[in-house]
Every structure is written in structure tokens, then in C-alpha cells.
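So the chains spell out like this:
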2 protein chains.
Amino acid sequence: MAENLLIPRLAIIGVGLIGGSLSLALKEAGAVGEVVGCGRGKPNLERAVELGVIDRYTRDPATAVADADLIFLATPVKTLGTVTQELLPGLKAGAILTDGGSVKGEVVSMIEPLLPDGVHFVPGHPIAGTEKSGAEAAFSTLYRGKRCILTPTVNTDSQALKLVEKMWQIAGSEVVQMSLEKHDKILAAISHLPHMVAYSLVNAVGSYDHYEANILEFSAGGFRDFTRIASSDPVMWRDIAETNRDALLEMMEQFEIFFGELKADIAEGSGEKLFEFFLRSKQLRDAIL
Amino acid sequence: MAENLLIPRLAIIGVGLIGGSLSLALKEAGAVGEVVGCGRGKPNLERAVELGVIDRYTRDPATAVADADLIFLATPVKTLGTVTQELLPGLKAGAILTDGGSVKGEVVSMIEPLLPDGVHFVPGHPIAGTEKSGAEAAFSTLYRGKRCILTPTVNTDSQALKLVEKMWQIAGSEVVQMSLEKHDKILAAISHLPHMVAYSLVNAVGSYDHYEANILEFSAGGFRDFTRIASSDPVMWRDIAETNRDALLEMMEQFEIFFGELKADIAEGSGEKLFEFFLRSKQLRDAIL
């Protein structure tokens, strides 16, 4: 093993799109030595080895992390506490633990209290993904040009933070640091709220379909594009909705205020207010193109 | 001019994406003779001639429709009544008028009472579009593989209906007939409601940005894709919101019921209900892929 490897041994807990893509990116960059995968589903792990996403696998977390320099937790948010408990006995001194969970407050409060001295945790969240899942879906360029948010706490080791930052930069991401509170609010706004809206929209239109036959058949590309995110993994989103509850409810209420204002403008038939409402949105949207 | 042309002379009122693309499709198929364009903006009309979207133009509707066999109204929904009044004096006996308006109830009630005997109106709506506008945005394959809904009324001439149907088929569309009431409900569900939701979402997140700096900067591809439709023309959407008010308000209330249910499930922390809600949506969405 070369001396200058960033991560001589990497353990990926949860070998899906997120974990698998990080492994592929680091392998492609020559930044890792051996990659050990760990997960529940044997067929997925075997496929991951076949595809070169990981080098070998075990289904026992404590075995997976033995001698690992860095451990990437990429299982669903709600499992991160349990998974951490399971892998603790195998951790070597100085090991760095990081994660890809979409909610940071809850994750930090689950993991930090469990860790012994000399094991470092760096909470992280790469803002990337597709609607696909499993090792098959992983690809080395998933993180390229994307942002990765790290949310260090008062307990975070600065050397460990630097290494994790370097790792994401090698994977092609722009790394940003912020407080976990800010992270959870921003994500509630730009990701969690849109998903709630899309899920509600599809359910509303789909249920209307029961008495107005085949309504969804008429949906043009616009509807399909708009509702693409309503196809995301229900388990992952259940977990996010549960773990980022307060920030999400706040944003949902924010949305309801604007939606209610628009509804009132429509009921009132106020063309001027409607124009203003749509124009303001168009301007905000065009500014982020 | 060949004898077997479907439309020896075509007049396009409003030479933008919708009108211009129909003209290009019919020209490419050799189904039209001369195409006369009519609109307000001279630079756009001149550009349309340059690009071969139309053969010549006039800014006077009555002149534009002189000797025209078919007139396609592609100006904003709310202008259709006025435009029809303006072009009436120029119409020849047997002329067929059709439109591309996104709302059919209001359009029919504006146009039908104005027409003299021997002039035929076929209300239509090609379900296609992009966020772009103007003659520059027109392209001949816009309608290919898309649906076009025709909503004949008791007054609609069956021969005129057949010709308009044939015209859209030549442009590449699948033509479907239904009542205007059904059209307006379906469109409220699959197009107008999603736009109201997207506009509200961008306004909600954008206004939150005022005190949580640069929130939109973090928006990943998902947010950008999801809110693409919030970039649509504010005038067009003001008109749609005004003219399809009742069906739209009904669908907005339908949406609020589901969004409210989801909010209650999140507040309650009911993982099972959340999972069911997301799964139902995913299944509905995946069925229209």
C-alpha cells in the first residue's frame, strides 16, 4: 500500500448509491487502499464486489471497521445510532467516523454520546443523489461539482475535519462548513419541503383520478418532471420527516402562507396581485439558474 | 398551389412558440400553402419571416385572416375574445377558427357568441410547451408525440373538427376529444395546480432567504428541476389562474387536504402513516413513468 494514500483502509457502511459512489470516486482518484463494505443484503454486497464498488464485504459492522482509518456511514438516517453502536467494538484508536445523513441535528445527538475518546466524528452531508438506489446505482462522478456540507460541533477534531474535507474535495465536491442548525433549516427549505410538496401533489392528483378516470394519463412532460422527486424512497423520506420535524414543519407553514395567499388572489380574481406573485417567483427562480 | 394541400392559406395569430411551431410542423409536412403571421411586436414578426416560421406578416388581424382557410389563435387566453372581434371582418365564408388556449370553458364562452353563420370554431389545446417564448423558440417537432385535446361543443361543425384533428395529427400529435368541463378539470390537476405549487414554493423559500442568507445558493439540481416551471410567463399564468378559477381552486383545496394530512402526520411523528403517504405517491408516480 502506498504511503501517501489519504485513506489506507476505508469502511463503507451501507453500500448503495451514496456509499458506493464515494468509494468509486476515491478509488478512481487513487485515494484509498482497501474498501470494505458492510450491509444487510447479501446480493447487493456481492454485486458491489463484482462491480468493483468495494473490494470485499462482511455483514458484521464491528468486523467491517476493523483497522479502518475512515468509516463512512451511509445507511438511512434513523439507523445511524444503532449502526454506530454495533460497530463501536471494532473501531481502532484514531479512527474517523463520518456520515452522509440528510439531517444533522438528530444524527449528531445520536452518535456523539456513543463515541469513546480517540474516535473522531465529522458530521457531513453531500448534497447529491438520484432517485435510484443500491450498489448498481453508484457511479464515480455523483459528487462532482456538488456541494458537501460539513457541520462540525464543539467536539469535532480539527485534523479529522480536515481529512474529511479533503476526501470530499477529491470526490469532486465543494465543501462548505456551517452549524447543524443552519444546515437543517436550509435543507428543510430546499430539499425536504419540495419533497413534501411533490408527494402531496401526486397524492392529491392521483386521488382525484379515482372519479375522473385516467387523469394522470394526460400528464405531459411538465408534470412528470415536476413530480420526479415524489418517486424517491419512502423509507428515507419517512426518516427525514421524522428527524427534521421542527425545521420541516416551520417551512411547511411558510409554504402554506404563500399558497393560501395565492388561493385568495385567485378567488378574488385579482389579476394584478397574481401577476406580482408569479413575477416575484420567476425572478427568484431565474436568479438561481 | 397544389390542390391537395390540407390548408391552402393559414393565418397564425400570435407568432410565438405555440403558433410558430405549428406553422413549422405543417410547412415541413407540406400541408400548408402560404402562412400569414399576425402579432403586435414587429421585431418578432420580422424575425419569424427570417427564420421561415411564417411567409409574411401584417399587424392587422382582419387583414391577416383575409382568404385564410384556417386561423390558429395562439395569443394569451384572455386576449382571445378581443382578437376574434378584431379579425371577424376579414373572415371568409367557411373559414375555420381554432385556438391553443390552456383553458377551454372561458375561451368558448368568449368566442362562440361572436361568430357569424358559416364560420366554424374548433376549440383546441395542444399539451406541449417549453419555458421559452417568441418566434425564436418555435421548432417543428414541438408537438410530436404529444397529446392535443379538442373540446367540440354542440355548435361545432363536424367537417371543421375533422380538419383540425387531421392538422394536429400531421404535426405529430395524438388527438383526443373530450368535453370542455373535463378538459378544464384535468388541466387544473396536471398543469395549473403544479404551477401554483411551484410558484408558491419558490416564493416561500425565497422569502425565507431574507433572513437566512443565500439559502437558494445551496439548492441542488433537485430544487432547480422541481421549480423549473416557476419560471414560466407570469402573464400567461395570471390569465390561466383567472380563467380557470373554479376548477383550479377545487384542485388547490384538494392539494391542501393532502398537504395538511402530511403535516399532521409529521407533527404527530407517525412513521407508519408517513411511510404509507410516501409509498402511495411513489406508486402513483411510478405508474406514469
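Note that this is a predicted model, so its numbers are computed, not measured. (Residues numbered from 1 in each chain as written. Chains lettered and ligands numbered in written order. Predicted model: local features only at pLDDT ≥ 70, side-chain atom pairs only at ≥ 80, totals over all residues.)

A. Spotlight on the overall build of chain A. Counting its secondary structure elements, chain A contains 11 helices and 9 strands. Dimensions of chain A, computed from the C-alpha atoms along their principal axes, are close to 70 × 40 × 30 Å. In chain A, 75% of the contacts between residues at least 6 apart in sequence involve partners at least 24 apart. (Helix = DSSP H or I, 4+ residues; strand = E, 2+ residues; numbered from the N terminus. Contact = placed C-beta atoms within 7 Å.)

B. Structural detail: the sheet that holds strand 8 (residues 147-150) of chain A. Residues and elements named next belong to chain A. Across the sheet, 3 strands lie side by side as 7-8-9; this open sheet has mixed pairing. Across the chains shown, the open sheet's two edge strands, defined by having one partner strand only, are strand 7 (124-126) and strand 9 (174-177). Within this sheet the neighbouring strands show an average axis-to-axis angle of 20°, counted without direction. Bridge count between strand 7 and strand 8: 3 bridges; the pairing is antiparallel. What sits directly across from histidine 125, in strand 8, is isoleucine 149. This element, helix 6 (residues 158-170), spans strand 7, strand 8 and strand 9 of the sheet and lies at about 170° to strand 8. (Pairing = 2+ DSSP bridges. Axes fitted to C-alpha atoms, helices over the stretch in contact; angles between N-to-C directions.)

C. Representation of the domain arrangement of chain A. Residues and elements named next belong to chain A. Domain annotation for chain A reports domain 1 (7-178) and domain 2 (182-287). A separation of 31 Å is found between the C-alpha centroids of domain 1 and domain 2. Contacts between the two partners involve 14 residues from domain 1 and, on the opposite side, 15 residues from domain 2. (Domains from an automatic or database assignment.)

D. Geometry of the relation of the copies chain A and chain B. Screw-axis analysis of chain A against chain B gives a translation of 0.0 Å along the axis, an RMSD of 0.1 Å, and a rotation angle of 180°. Read as a symmetry element, the transformation amounts to a two-fold axis. Among all C-alpha atoms of chain A, that of phenylalanine 226 of chain A lies closest to the rotation axis, at 2.5 Å. When the interface residues of chain A are mapped onto chain B, 100% of them are again interface residues, pointing to one common binding face. (Least-squares fit on C-alpha atoms with pLDDT ≥ 70 in both.)

E. Spatial organisation of the environment of proline 8 of chain B. Its location among the elements puts proline 8 of chain B in strand 1 (residues 7-13). Along the sequence, proline 8 of chain B and glutamate 217 of chain B sit 209 residues apart, while their C-alpha atoms lie 53 Å from each other.

F. Geometry of helix 11 (residues 271-287) of chain B. All names here are of chain B. For helix 11, built from 17 residues, the straight-helix expectation of 24 Å at 1.5 Å per residue is met to within 8% by its first-to-last C-alpha distance of 24 Å. Along helix 11, the positions that sit buried rather than exposed are Leu274, Phe277, Phe278, Ser281, Leu284 and Arg285. Within helix 11, the buried residues cover an arc of 125° as seen down the axis, which keeps them to one side. The outward face of helix 11, more than 90 degrees from its buried face, is lined by the exposed residues Glu272, Asp286 and Ala287. (Expected span 1.5 Å × (residues − 1). Buried ≥ 20, exposed ≤ 12 C-beta atoms within 10 Å, placed from the backbone. Arc of directions from axis to C-beta.)

G. Quick look at the interface of chain A and chain B. Contacts between chain A and chain B engage 71 residues on the former and 71 residues on the latter. For the side of chain A that touches chain B, the elements supplying multiple residues, two or more each, are helix 7 (180-208), helix 8 (221-226), helix 9 (234-243), helix 10 (245-268) and helix 11 (271-287) of chain A. The element best represented in the side of chain A that touches chain B is helix 7 of chain A, accounting for 19 residues. Residues that form the side of chain A that touches chain B fall into these classes: 44 nonpolar, 12 polar and 15 charged. (Nonpolar A, V, L, I, M, F, W, Y, C, P; charged D, E, K, R; others polar.)

H. Expanded view of helix 10 of chain A. Helix length check: helix 10 of chain A (24 residues) gives 34 Å between terminal C-alpha atoms against 34 Å at 1.5 Å per residue, within 8%. Along its buried surface, helix 10 of chain A packs onto helix 7, helix 9 and helix 11 of chain A together with helix 7 (180-208), helix 9 (234-243) and helix 10 (245-268) of chain B.

I. Summary view of the sheet that holds strand 3 (residues 56-58) of chain B. Residues and elements named next belong to chain B. Here 6 strands make up an open sheet; going across it, the order is 3-2-1-4-5-6 and the pairing parallel. Looking at which strands have only one partner, the edges of the open sheet turn out to be strand 3 and strand 6 (120-122). When the angles between neighbouring strand axes are averaged without regard to direction, this sheet yields 25°. Across 6 bridges, strand 1 lies against strand 2 (residues 32-38) in parallel orientation. Bridge pairing in strand 2 links leucine 10 to valine 35. Most of the contacts of helix 2 (residues 42-50) go to strand 3, to which it runs at about 165°, and overall it touches strand 2 and strand 3.

J. Main features of the environment of serine 173 of chain B. All names here are of chain B. For serine 173, the position within the fold is in the loop between helix 6 (158-170) and strand 9 (174-177). Along the primary structure serine 173 and leucine 142 are separated by 31 residues, whereas in three dimensions their C-alpha atoms are 9.3 Å apart. If we skip the residues at most four places from it in the chain, serine 173 touches Pro126, Tyr143, Lys146, Arg147, Cys148 and Trp168.

K. Broad picture of the pairing of strand 2 of chain B. Residues and elements named next belong to chain B. With 5 of 7 residues buried, strand 2 is to be regarded as a mostly interior element. Regarding the hand of the β-α-β motif, the stretch spanning strand 1, helix 1 (residues 17-28) and strand 2 is right-handed. With 3 bridges connecting them, strand 2 and strand 3 associate as parallel partners. Along strand 3, the bridge assignment pairs valine 36 with arginine 56. Note on the crossover from strand 2 through helix 2 to strand 3: the handedness is right-handed. (Right-handed = clockwise from strand over helix to strand, strands pointing away.)

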